[in-house]
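# A structural walkthrough
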Amino acid sequence: MNQKILVIEDEIHIQELIKYNLEKSNFAVTLAGNGIDGLNQAMKGDYDLVLLDLMLPGLDGLEICKRMKGDKRTRKTPIIMLTAKSEEFDKVLGLELGADDYITKPFSVKELVARIRTALRRLETDEDEEIHTVHESLDNLLTYKEITLDKEKYQVRKKGEKLVLTLKEFELLKMLIENRGRVLTRDTLLDKIWGYDYAGETRTVDVHIRHLRQKIGDEDGNNQMIETIRGVGYKINDEGDR
Ligand code: CA
């Protein structure tokens, strides 16, 4: 069955561009042209992913994002925000509110489809697990202290308890653990995890680290796992068992 994508976007030509190309890539597309219709559609649920424009009549993208992440029905639905180049501050705010990714207009269709596939991958592996009991292969597991990370299923557990991380948070944690003992600069993390489009936006890394710390219960204190190296980047200490 085709995966269902809700596109909340008020500019007709962008709507059409996205719809045409996503349908060509075998997605089922529903369009909403303003914020209120968009939110109502989203709440009817059953979408695999929401593409969400930032500036919308009625209700803006940030508000929709906030409401979706605060509602049980839509909390887990990945959101990719669409933003214009000049809206840099708001992009960071979007990530703060729980958007999985953002893409800047004008964007290449190829990149948009690639980002959508990446965001959906984690969702699929989550659902798979609920339907079948999949054998965990030890090769896929990465362990650090109380944390176990399954590289294939994109899952993280702390003391056996499943944590809900976004894809970027997952990748960040994975990279820090794999490079334990080494300082990773913000630029390195941006480059490896976000790719070319994100050069210079180091605040993005800080926002994700903050969320990650909250989710894994790594608050300030003497025993903080993810260490901030002032003005440079982040590091996980090389003292966990391998
Ligand atoms: Ca708009």
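Please refer to the structure placed before this passage.
## So, the sheet that holds strand S2 (residues 28–32)
- One open sheet accounts for five strands, arranged S2-S1-S3-S4-S5; its pairing is parallel. Strand pairing shows two members of the sheet lacking a second neighbour, S2 and strand S5 (101–105), which therefore form its edges. Neighbour to neighbour, the strand axes of the sheet diverge by 20° on average, direction disregarded.
- Summarising the sheet, strand S3 (residues 49–53) and strand S4 (residues 79–84) pair through four bridges and their orientation is parallel. Bridging across to S4, leucine 51 finds its partner in isoleucine 80.
- Packed on one face of the sheet, helix H1 (residues 12–24) meets strand S1 (4–8), S2, S3, S4 and S5 and runs near 165° to S2.

## Regarding the pairing of S1
- Counting buried positions over the five residues of S1 gives four, a clear majority of the element.
- Note that S1 and S2 share five bridges and pair parallel. Across the sheet, the residue bridging to leucine 6 is threonine 30, located in S2.
- Here S1 pairs with S3 via four bridges, running parallel. Bridge pairing in S3 places isoleucine 5 opposite leucine 49.

## Points about the nonpolar core
- Ranked by internal contacts, the top residues of the largest apolar core, which has 28 residues, are Val156, Leu173, Ile177, Leu189, Ile216, Ile226 and Ile236.
- Taken together, the elements giving at least two residues each to this core come down to strand S6 (141–144), strand S7 (147–150), helix H6 (167–178), helix H7 (186–194), helix H8 (203–216) and strand S12 (233–236).
- With seven residues, H6 is the largest single contributor of residues to this core.
- Setting aside residues no more than four positions away along its own chain, isoleucine 177 makes contact with Leu142, Thr143, Tyr144, Ile147, Leu149 and Ile236.
- Within the second largest apolar cluster, 22 residues are counted, among which are Met43, Val50, Leu52 and Val207.

## Details of the coordination of the calcium ion
- Bound to the calcium ion on the protein side are Asp10 (OD), Asp53 (OD) and Met55 (O), at distances that span 2.1 to 2.3 Å.
- Here the donor residues for the calcium ion map to a single chain with the spacing D-x42-D-x1-M. Taken as a pair, aspartate 10 in the loop between S1 and H1 and methionine 55 in the loop between S3 and helix H3 (61–69) lie far apart in primary sequence, 45 residues in all.
- Of the residues examined, aspartate 10 reaches a relative accessible area of 28% and is grouped as partly exposed.

## Some points on the sheet that holds strand S9 (residues 161–163)
- Pairing is antiparallel across the open sheet formed by four strands, whose spatial order is S6-S7-S8-S9. Two strands close off the open sheet at either side, each with one partner strand: S6 and S9. Averaged over all adjacent pairs, the angle separating strand axes in this sheet is 25°, with direction ignored.
- Across four bridges, S7 lies against strand S8 (residues 155–158) in antiparallel orientation. Within the sheet, the bridge partner assigned to leucine 149 lies in S8 and is valine 156.

Conventions and cut-offs
- Residues numbered from 1 in each chain as written.
- Predicted model: local features only at pLDDT ≥ 70, side-chain atom pairs only at ≥ 80, totals over all residues.
- Heavy atoms only, no water.
- Pairing = 2+ DSSP bridges.
- Helix = DSSP H or I, 4+ residues; strand = E, 2+ residues; numbered from the N terminus.
- Axes fitted to C-alpha atoms, helices over the stretch in contact; angles between N-to-C directions.
- Contact = heavy atoms within 4.5 Å.
- Buried < 20%, exposed > 50% of the residue type's maximum accessible area, 1.4 Å probe, protein only.
- Core = buried A, V, L, I, M, F, W, Y, C linked by side-chain atoms within 4.5 Å.
- Donors = N, O, S within 2.8 Å, 3.2 Å for Na, K, Ca; no water.

The values reported here are purely geometric and, on their own, carry no functional implication.
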